[in-house]
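# Per-entry structural report
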Amino acid sequence: MKVAIVHYWLVNMRGGEKVLEALCELFPQADVFTHVYNPSTISDTIKSHSIKTSFIQRLPLARKKYQSYLPLMPLALEQLDLRSYDLVISSESGPAKGVIVRPETPHICYCHTPMRYVWDMYHDYLQNAGLITRIMMPPLIHYLRLWDLASASRVDHFIANSGFVAKRIEKHYRRSAEIIHPPVSTADFSISERVDDFYLMVGQLVRYKRADLAVDAFNKSGRKLIVIGDGEQFAEIKRKAAANVTVMGRQPFSAIRDHYSRCKALIFPGVEDFGIVPVEAMASGRPVIAFRKGGALETVKENVSGLFFDEQTPEALNIAIDRFETLIESFLPEVIRKHATGFDKELFKQKFHAVVELTMRQRNNLF
């Protein structure tokens, strides 16, 4: 069976790329299509496949300014020639699902999220954009919204990475979606015999992840916080941090894994579609203190692998941390890790393979 996997862009290794990596293992013969590809930032597992790019790759500064070419990506996707493939899988977060396939070729879309800047976070992005972007954005996003809705009809089977995302697919596309949680390589993480006196936040420093909220809370409490990650808010977060807050920036995986295993708890103050970081922390035996919304509700088991807070305010977060410190001995690392193994990569691959088998059988019955 000839398989094509369409991924929005390959410029770093984040959660979406971890899903792509698992799909590449599941379909070792697959060709990968993407808008922009930077091989120096991508894993060997993905690089071992034939990777084909759209015309976006050839545009000026595409590897760094790829998001500036967002309005051209629908056109670029429709130029990809997928006529020779028996199965097409799109990995959707940026534009990926809009490819055109033969009538008899099944198209399965694994949706990390409907594009945030097009739908539910449009006004947040618009509010924080520069003057020229604010002028250009409304008509361009209007066009993208229409195309995104139209391209959803090209998908035969939607898979959502969480129940939270499945509801958004239903809201924006009026389509139902099966739920398969993203893969986490839980074997890469382990429990440490030593737990140190600090809390941890890990992730890209962008506004919706709310690192600013975490820093404000710890500035007030005086407790120790370590922030690992880079992004558009890095300089702002660095300036905001008091002496008890350490902003480390981007770190290698070995350092992240070490900090997971030694922290008191992971702080997760944003709203994520799923959130692989909490599962990685739990696979290290450490509990999570998360905002009670989004994917965290599907990964964190309250009073077993973590606690929730109900308002995105420093005060609410600090109240949750105060409560956690009175209960800290009740959070057992072995129990937390066992809970995390329910999101292991091998389970993801088994579930995805079952969907593909069923989809191909249905296709054979039709054609």
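Here is a short report on the structure shown in this document. These numbers were taken from a predicted model, which means no experiment stands behind them.

Criteria and thresholds
- Residues numbered from 1 in each chain as written.
- Predicted model: local features only at pLDDT ≥ 70, side-chain atom pairs only at ≥ 80, totals over all residues.
- Heavy atoms only, no water.
- Helix = DSSP H or I, 4+ residues; strand = E, 2+ residues; numbered from the N terminus.
- Rg over C-alpha atoms; globule rule 2.2 N^0.38 Å.
- Buried < 20%, exposed > 50% of the residue type's maximum accessible area, 1.4 Å probe, protein only.
- Salt bridge = Lys/Arg side-chain N within 4 Å of Asp/Glu carboxyl O.
- 1 Å grid on protein atoms, 1.4 Å probe; cavity = no way out; pocket = protein on both sides within 12 Å on 5 of 7 lines; lining within 4 Å.
- Points joined across faces, edges and corners; volume = space filled by probe spheres on them.
- Axes fitted to C-alpha atoms, helices over the stretch in contact; angles between N-to-C directions.
- Left-handed = near helix turned anticlockwise from the far one by under 90°.
- Contact = heavy atoms within 4.5 Å.
- Nonpolar A, V, L, I, M, F, W, Y, C, P; charged D, E, K, R; others polar.
- Core = buried A, V, L, I, M, F, W, Y, C linked by side-chain atoms within 4.5 Å.
- Pairing = 2+ DSSP bridges.

Okay, the overall build of the chain next. The helix and strand inventory of the chain stands at 15 helices and 13 strands. Computed over C-alpha atoms, the radius of gyration of the chain comes to 21 Å, within 12% of the 21 Å expected from 2.2 N^0.38 for 367 residues, which places it in the range of a compact globule. Taking the principal axes of its C-alpha atoms as reference, the chain extends roughly 60 × 50 × 40 Å. The 367 residues of the chain split such that 54% are buried.

Bringing the pattern of salt bridges into the picture now. Summed over the entire model, instances satisfying the criterion amount to 25 salt bridges. A salt bridge links arginine 262 to aspartate 258, with the nearest nitrogen and oxygen atoms 2.9 Å apart. Of this pair, arginine 262 and aspartate 258 both sit in helix α10 (residues 253-262), separated by four residues, roughly a single helical turn. The exposure class assigned to arginine 262 is buried, which follows from its relative accessible area of 13%. On the basis of relative accessibility, which here comes to 34%, the residue aspartate 258 falls in the partly exposed class. One salt bridge connects arginine 292 with glutamate 302, and the closest N-O pair in it is separated by 3.1 Å. Of this pair, arginine 292 sits in the loop between β12 (288-291) and α12 (296-299) while glutamate 302 sits in the loop between α12 and β13 (306-309), and the two are 10 residues apart along the sequence. With relative accessibility at 32%, the residue arginine 292 sits in the partly exposed group. Using a relative accessible area of 32% as the deciding quantity, one classes glutamate 302 as partly exposed.

What follows is about the layout of surface pockets. By volume, the second largest pocket amounts to about 290 Å³. Along the wall of the second largest pocket there are 17 residues; nearest its centre are Pro103, Thr105, Pro106, His107 and Asp156. Of all the elements, helix α15 (residues 345-366) adds the most residues to the lining of the second largest pocket, at four residues.

On to the packing of helix α8 (residues 211-221) against helix α13 (residues 314-327). Where α8 contacts α13, the axes come no closer than 9 Å and their chain directions differ by 65 degrees. As for the relative orientation of α8 and α13, their crossing is right-handed in sense. When α8 is examined against α13, the residues Leu213, Ala214, Asp216, Ala217, Phe218, Lys220 and Ser221 are found in contact with a partner set consisting of Pro314, Glu315, Leu317, Asn318 and Ile321. Residue classes in the contact of α8 with α13 are distributed as seven nonpolar, two polar and three charged.

The subject of this paragraph is the nonpolar core. Among the nonpolar cores identified, the biggest contains 54 residues, and Tyr199, Leu200, Leu225, Tyr260, Ile267 and Ile289 are the most heavily contacted of them. Core analysis: the next-biggest nonpolar cluster, separate from the first, contains 39 residues, Val36, Ala62, Tyr66 and Leu70 among them.

Read from one edge to the other, the open sheet built from seven strands follows the order β3-β2-β1-β4-β5-β6-β7, with strand pairing classed as parallel. Of all the strands in the sheet, just β3 (51-53) and β7 (178-179) have a single pairing partner and so form its edges. Bridging between strand β5 (residues 107-111) and strand β6 (residues 157-160) involves four bridges; their strand directions are parallel. Bridge assignment links cysteine 111 to a residue of β6, and that residue is alanine 160. Contacting β1 (3-7), β2 (31-34), β4 (87-92) and β5, helix α1 (residues 15-26) crosses the sheet at an angle of about 175 degrees to β1.

By the secondary structure assignment, leucine 26 is in helix α1. Overall, the relative accessible area of 19% leaves leucine 26 in the buried class. Through-space distance from the C-alpha of leucine 26 to that of phenylalanine 348 is 10.0 Å; in sequence the pair is 322 residues apart. Not counting residues within four places of it along the chain, the set of residues in contact with leucine 26 comprises Lys349, Phe352 and His353.

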